Amino acid sequence: MERIYNHILQIAGNVIMVEAEGPKFAELAEVESAHGKSLAEVIRIDGEKVYLQVFGGTAGVATNDRLQFLGHQMQVPFSGALLGRIFDGKGEPRDSGPGLKDHLIETAGPCINPATRVMPSKMIRTGIPMIDVFNSLVEAQKISIFSGSGEPHNQLLARIALQAEVDVIVLGCMGVLYDDYLFFKEELESSDAINRAVLFVHTAADPVVESLKVPDLALAVAEKFAIEGKRVLTLLTDMTNFADALKEIAIVMEQVPSNRGYPGDLYTQLAQRYEKAADFEGAGSLTLLSVTTMPAGDVTHPVPDNTGYITEGQYYLAGGRIEPFGSLSRLKQLVNKETRSDHRGLMDALIQLYAAFKEALEKRAMGFKMSPWDQKLLKYGDLFEAKLMNLEVNITLEEALDQSWAILAECFEPEETRLKTELIETYWPKAGHHGST
Amino acid sequence: MSAQGRVEGINGNLVKCRFSGAVMQNEIGYVRTEGKLLKGEVIRIKGEMAELQIFEDTKGVGRGDSVEFTGALLSAQLGPGLLGKLFDGLQNPLNRLAEEKGFFTPRGYQIPALEPSDSWDFTPKTKPGAKVLAGDLLGEVPEGQINHKIMVPFFLKGTWSVIHINPAGKYRLDQPIGELLGPEGQKHELTLSFFWPVKNAIKFYQERLAPNEPLVTQVRIVDGLFPVAKGGTYCIPGPFGAGKTVLQQITSRYAEVDVVILAACGERANEVVETIKEFPGLKDPKTGRSLMERTIIICNTSSMPVAARESSVYTAVTLGEYYRMMGLDVLLLADSTSRWAQALRERSGRLEEIPGEEAFPAYLESMIAGFYERAGRVRLRSGGLGSLTIGGTVSPAGGNFEEPVTKATLKVVGAFHALSRERSDARRFPAIDPLESWSKYQGIIPNSRRLGMSNLLKTANEIGQMMKVVGEEGTSIEDYITFLKGEFFDAAYLQQNAFDEVDAATDQDRQEEAFALSEALIKQTFIFEDKESARQYFAKLRHRYFDLNCTKRPSEAYEKGRQSILETLKKGGQDGADL
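In the annotation of an unreviewed UniProt entry, the entry for chain B reads V-type ATP synthase alpha chain. UniProt's Sequence similarities (unreviewed entry) comment on chain B is quoted here verbatim: "Belongs to the ATPase alpha/beta chains family." Heading Function (unreviewed entry) of the UniProt record for chain B holds this comment: "Produces ATP from ADP in the presence of a proton gradient across the membrane. The V-type alpha chain is a catalytic subunit."

As named in an unreviewed UniProt entry, chain A is V-type ATP synthase beta chain. Reading the Function (unreviewed entry) entry of the UniProt record for chain A gives the comment "Produces ATP from ADP in the presence of a proton gradient across the membrane. The V-type beta chain is a regulatory subunit."

Dropping the structure here:
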């Protein structure tokens, strides 16, 4: 059946409406206008009226343009030939390679049965003490980097990607600057990692709506690799741009906005993507690391806020460092028990002391006299920031733990640290002076 | 004959159809798409159009697809075999589904909640000729550690009489076990299970009682300061990362109840997995049997269809009421009620209803109140007592409690455990804020002593705030000691390490002793030369309480540690230097 229509009845924002019989919900169509072809997707059916969002944008679309329904939903080709390739937000090649049309798989497929999931149990070592010691990254985790604008989030993302031992890297870019795209490309190419990577890139110059499909394309490919036994690291940057595209469509569709203009289903939309992270029993795994920029650095903004409730933690990037407060890896307890017996106790004690250091700083800023205890805290805080928080530091977990004991011994008496006696006896550096208990 | 219809429109998971015949509000209908039957619930009827919220993905649904109505409301199957299971929001057993369908949950595929071929040891507890009402005892079946009561199906109205009841023996779920005669001469064949619509409360008990019996959760800050009662309700709001879920997990493990129902509503799947993988290997503190035997998990995680989120909380509360009817203490933990509220918001938006605050529907408050009102401690007609306690987490946007779901919940619950970002940032876990939280219930610690400690914390906090303005040097040593006492009680009693084998759970007896031990310190008058020596003294003492918290009880080491603390306290700090 030829399903071609030449009469577009309504064009508003990036949504068009035609009267048609037979289209299915979420079916794709192709709009051919004087400015080229664009994909569109059915987002609402009301009697004969069929509403479609046009990925290429509606600028230049005329009421008599040709619209053809394609009879299928969004698909993506899948094969080993994807590795080393770069695609755009529609799944078309962005590099000079050939278009792939074989082995099409469904995107945004069904959700994973919780009963088949296995608990993530393998730590991904990054060489960054603020991650390895305090908030270990775990294989099959979904976690986001919360970042203000101007922070080196994409650099951090690339560094983790290149250092992590994984089989496949899938990178999805939404609304990133062209420079950032080039940065990722160069980083991957310079280390040969490009040969195990697939890129879906939507830059800030492309039509906004086109970014909507990037997470689905990237995750469908990643999931398939994982089912085939590969350990896949999926990177999505920047999810705030994705949410903004959702907002745009929702407003055009006259949906009642819930919070700062975002649609009421923002949580669900984000969760459906993030929940693709999983460890498949007897097969591979999908780890999802994303970037969520916080508009005006506000963590209570709907996008970071909803993300925080969905992901298994977040790395809070501020001032070029991963902040210990606000950062969290919910899965760290699954891996930091087996690393070294002092890992957990030390982690808590260091943070509690760092919190006390922050209070001492406040006191000092208000001009109060520093007590001997405050003096100790100030010394500790400076060492902590220089030797552990600094993103330049690249040491193994064990080195970082030893480093921590050295810092504590330099600043405190053992019982001031709130550490269990047992741990102090084993790990407190003997050379330092020993307090009496 | 049930109604039929044709799809007219699709908007997300909302499907509009034109029907012929009679359609009931909230009845279940199926949309036939691509050879699959997609389950949905009627949520609005206008003229010859009915709107259904579909519990599954609506991709591929087209205009003209046929709709079949069932004439039945969304119902849960009640019978032996529910304990230890993992269900989705529509009561599909997820383990069975995984065996049949692998890694993913395909749409349009339903399997019975309870396996019809499972057989159970049935012992009759009634006789032919007996007059019975809905909820009366017919027989018993051992299910794990509990005696599962087989009751007269709740949907039977009026007085029925037993025609016959089968002798003791093994029966399959699909086999008859007896027959009843109704008030109008109709007959009803009995089996071990029956269905009940989840949105209707099960009220076939004698009377509802006041919740005045404490429920011991083994979390010190809860039992000590903000207790929960059997049959009561409480809520845990908190920003993300403040430890709501860990707190729920701890409670589900250590709470002293008979049955725990976990409703994972719109939250992360891995959290459910943690429970599924860990519970079978953990022991119930009360019976010593596997924890999984007392647990039911209803899980509709965040990526599962939104419409089924709502049904998941109702399915969970229905199962809770069912076990309460057996004279058991049931604890329902719902995580998170905000996700359910958001599902209502999404639905309301698609229905184009006039939005209330933050686009939540105007009926949000009454829905939340109706849900929590299903908790309660009851006296059964048999004289036994049962309770259903509901604890719900709330995930307020931006961690701000001034939002519709938190506000509506606070109106109807009996205890409020406010989690705070400040406390979790400072790693003070559980991060329940002792200044903001409250409880209307009587716990294991008498109220006067409980309030004494609350007041100390308040005073210590005021001094702390003052100290930020006037500095340590501007604070008197008496005030400084009070401040240290407050900090001490917080650190050594209220904070608990969920990942320490011993400290994770404190039973009632030990809690009473530990509370008294903390009181001993707080009531003690101390004399110090200066603030620095006071601070050091309290740091050392706190360290000893910490070690004691992590020591097994009863044991020699524990008793020794406790005695040594008591003796040290007697000295009143004068020789604090050689502590």
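**Concerning the packing of aromatic side chains**
A complete count under the given rule lists 44 aromatic pairs over all chains for this structure. Their ring planes at 90° and their centres at 6.0 Å tell us that Phe489(B) and Phe515(B) sit as a pair that is edge-to-face. Within this pair, whereas Phe489(B) is found in helix H11 (residues 477-494), its partner Phe515(B) is found in helix H12 (residues 508-523), the two being separated by 26 residues in sequence. Both residues of the pair, Phe489(B) and Phe515(B), count as buried. When the ring of Phe528(B) is compared with that of Phe538(B), the centres are 6.3 Å apart and the planes differ by 55°; the resulting orientation is tilted. One end of the pair, Phe528(B), is in the loop between H12 and helix H13 (531-549); the other, Phe538(B), is in helix H13, with 10 residues separating them in the sequence. You'll find Phe528(B) and Phe538(B) in the same group, each marked buried. These aromatic residues form a ring-pair network of at least three members: Phe134(A), Phe325(A), Tyr354(A), Phe357(A), Trp373(A), Tyr380(A), Phe384(A) and Phe412(A). The cationic tip of Arg339(B) hangs over the ring face of Tyr267(A); the distance from NZ or CZ to the ring centre is 3.7 Å. Sitting above the plane of the Phe360(B) ring, Arg345(B) keeps its charged end 4.4 Å from the centroid.

**Considering the interface of chain A and chain B**
Counting residues at the interface gives 87 residues for chain A, matched by 83 residues for chain B. Both faces considered, chain A and chain B share a buried interface measuring about 7000 Å² in area, 53% of it formed by carbon and sulfur atoms. Interface area lost by chain A to chain B is led by Phe25(A), Tyr309(A) and Arg418(A), which between them contribute 11%. Along the contact surface separating chain A from chain B lie nine salt bridges. Among the salt bridges present, the one from Lys363(A) reaches Glu472(B), with a minimum N-O distance of 3.4 Å. Viewed at the interface, chain B and chain A are joined by 37 residue pairs in polar contact (both at pLDDT 80 or more).

**Considerations on the domain arrangement of chain B**
Residues and elements named next belong to chain B. Looking at the assigned domains, one finds that chain B contains domain 1 (4-73), domain 2 (207-439) and domain 3 (447-578). Placing a centre on the C-alpha atoms of domain 2 and another on those of domain 3 gives a separation of 31 Å. Contact between domain 2 and domain 3 buries roughly 2000 Å² in total, counting both sides, with carbon and sulfur atoms accounting for 53%. When the buried surface of domain 2 facing domain 3 is broken down by residue, Arg-220, Leu-225 and Leu-435 rank first, second and third, together holding 40% of it. Here domain 2 and domain 3 share four salt bridges between them. Here Asp-503 makes a salt bridge to Arg-220, at a shortest N to O gap of 3.1 Å. The interface formed by domain 2 and domain 3 holds 14 residue pairs in polar contact (both at pLDDT 80 or more) in total. In terms of residue count, the dominant contributor to the side of domain 2 that touches domain 3 is helix H2 (residues 220-224) (four residues).

**Some points on the UniProt feature "domain: ATP synthase A/B type C-terminal" (unreviewed entry) in chain A**
Under the present numbering, the feature "domain: ATP synthase A/B type C-terminal" (unreviewed entry) in UniProt falls on residues 334-427 of chain A. Within residues 334-427 of chain A, the helical portion is 73% and the strand portion 0%, while the C-alpha atoms at the span's ends are 23 Å from each other.

**Topic: the pattern of salt bridges**
Residue and element names in this part refer to chain B. On inspection of all chains with the given rule, the structure shows 69 salt bridges over all chains. A salt bridge links Arg-96 to Glu-100; the shortest N-O distance between them is 2.3 Å. Of this pair, Arg-96 and Glu-100 both sit in helix H1 (residues 94-101), four residues apart, which is roughly one turn of the helix. With a relative accessible area of 27%, Arg-96 lands in the partly exposed category. Ionic pairing is found between Glu-519 and Arg-449, a salt bridge with its closest N-O pair at 2.8 Å. Placement of the pair is Glu-519 in helix H12 and Arg-449 in helix H10 (residues 447-470), with a sequence separation of 70 residues.

**Let's talk about empty space enclosed by the protein**
Within this structure, the stated rule accounts for seven cavities of 30 Å³ or more. Size it by volume and the largest cavity reaches roughly 200 Å³. Breaking the lining of the largest cavity down by element, the ones donating at least two residues are strand S17 (257-259), strand S18 (262-263), helix H6 (266-274) and helix H7 (302-310) of chain A together with helix H6 (337-350) of chain B. Taken as a whole, the second largest cavity spans an internal volume of roughly 180 Å³.

**Quick notes on the sheet that holds strand S14 (residues 169-172) of chain B**
Residues and elements named next belong to chain B. Taken in spatial order, the four strands make up an open sheet running S12-S11-S9-S14, and their pairing is antiparallel. The open sheet has two free edges, formed respectively by strand S12 (146-151) and S14, since each of these has just one partner strand. Taken over all neighbouring pairs, the strand axes of this sheet differ in orientation by 40° on average, direction set aside. Pairing between strand S9 (residues 119-124) and S14: four bridges, direction antiparallel. Bridge assignment links Phe-122 to a residue of S14, and that residue is Gly-169. On top of the sheet, helix H5 (residues 307-324) reaches strand S11 (137-143) and S12; it is set at about 95° to S12, its chief contact.

**Describing the UniProt feature "domain: ATPase F1/V1/A1 complex alpha/beta subunit N-terminal" (unreviewed entry) in chain B**
What UniProt calls "domain: ATPase F1/V1/A1 complex alpha/beta subunit N-terminal" (unreviewed entry) maps, in this numbering, to residues 9-71 of chain B. In the segment residues 9-71 of chain B, helix accounts for 0% and strand for 63%; the C-alpha atoms at its two ends are 22 Å apart.

**A word on helix H4 (residues 214-227) of chain A**
Residues and elements named next belong to chain A. Along its 14 residues, H4 runs 20 Å from first to last C-alpha, staying within 8% of the 20 Å computed at 1.5 Å per residue. H4 sits mainly inside the fold: 12 of its 14 residues count as buried. After H4 finishes, the residue Gly-229 shows a positive phi value of roughly 100°.

**Considerations on the UniProt feature "domain: ATPase F1/V1/A1 complex alpha/beta subunit nucleotide-binding" (unreviewed entry) in chain B**
The sites that carry the UniProt feature "domain: ATPase F1/V1/A1 complex alpha/beta subunit nucleotide-binding" (unreviewed entry) are, in the present numbering, residues 219-439 of chain B. From the first C-alpha to the last, residues 219-439 of chain B spans 14 Å; its make-up is 37% helix and 20% strand.

**Comments concerning the sheet that holds strand S15 (residues 178-181) of chain B**
All names here are of chain B. Taken together, four strands build an open sheet; the order of strands is S10-S13-S15-S16 and the sheet is antiparallel. Of all the strands in the sheet, just strand S10 (131-132) and strand S16 (187-190) have a single pairing partner and so form its edges. Sheet analysis places S10 next to strand S13 (residues 160-165), joined by two bridges and oriented antiparallel. Bridge pairing in S13 links Val-132 to Trp-160.

**Observations concerning the environment of His7(A)**
Note that His7(A) resides in the loop between strand S1 (4-5) and strand S2 (8-12). Discounting residues that sit within four places of it in the chain, His7(A) has contacts with Val18(A), Thr63(A) and Asp65(A).

**A closer look at the domain arrangement of chain A**
Size of an interface: often given as the accessible area lost when the parts come together. Splitting chain A by domain gives domain 1 (4-73), domain 2 (76-338) and domain 3 (340-427). Each of domain 1 of chain A and domain 3 of chain A has a C-alpha centre, and these two points are 60 Å apart.

**Section: the UniProt feature "domain: ATPase F1/V1/A1 complex alpha/beta subunit N-terminal" (unreviewed entry) in chain A**
Here, the residues flagged by UniProt with the feature "domain: ATPase F1/V1/A1 complex alpha/beta subunit N-terminal" (unreviewed entry) are residues 8-71 of chain A. Taken as a whole, residues 8-71 of chain A contains 0% helix and 58% strand, while its terminal C-alpha atoms sit 19 Å from one another.

**Quick word on the pairing of S9(B)**
Strand direction decides the pairing type here: S9(B) and S11(B), joined by two bridges, are antiparallel. Looking at S11(B), one finds that Thr123(B) is bridged to Glu140(B).

**Things to note about the side chain of Gln342(B)**
Mapped onto the fold, Gln342(B) is located in helix H6. By relative accessible area, which is 8% here, Gln342(B) ends up buried. With residues up to four places along the chain from it excluded, the contact list for Gln342(B) reads Tyr267(A), Asn306(A), Arg309(B) and Phe360(B).

**Examining the environment of Asp179(A)**
Counting through the fold element by element, Asp179(A) comes out in helix H3 (residues 178-190). Along the chain, Asp179(A) and Gly13(A) lie 166 residues apart, while their C-alpha atoms are 28 Å from each other.

**Here we look at the confidence of the model for chain A**
Scored by pLDDT, chain A comes out at a mean of 91, with 98% of its residues at no less than 70. Long-range and interchain partners of residues 432-437 of chain A, a stretch whose pLDDT sits below 50, account for 11 contacts in this model, where long-range means more than four residues apart.

Criteria and cut-off values
- Residues numbered from 1 in each chain as written.
- Chains lettered and ligands numbered in written order.
- Predicted model: local features only at pLDDT ≥ 70, side-chain atom pairs only at ≥ 80, totals over all residues.
- Heavy atoms only, no water.
- UniProt positions renumbered as here; feature names shortened; annotations may be inferred.
- Phe/Tyr/Trp six-rings, centres within 6.5 Å; stacked < 30°, edge-to-face > 60°.
- Helix = DSSP H or I, 4+ residues; strand = E, 2+ residues; numbered from the N terminus.
- Buried < 20%, exposed > 50% of the residue type's maximum accessible area, 1.4 Å probe, protein only.
- Lys NZ or Arg CZ within 6 Å of the ring centre and 35° of its normal.
- Contact = heavy atoms within 4.5 Å.
- Buried area = accessible area lost by both parts, 1.4 Å probe.
- Salt bridge = Lys/Arg side-chain N within 4 Å of Asp/Glu carboxyl O.
- Polar contact = N/O pair within 3.5 Å; in protein donor to acceptor, adjacent residues only side chain to side chain.
- Domains from an automatic or database assignment.
- 1 Å grid on protein atoms, 1.4 Å probe; cavity = no way out; pocket = protein on both sides within 12 Å on 5 of 7 lines; lining within 4 Å.
- Points joined across faces, edges and corners; volume = space filled by probe spheres on them.
- Pairing = 2+ DSSP bridges.
- Axes fitted to C-alpha atoms, helices over the stretch in contact; angles between N-to-C directions.
- Expected span 1.5 Å × (residues − 1).
- pLDDT = per-residue confidence, 0-100.

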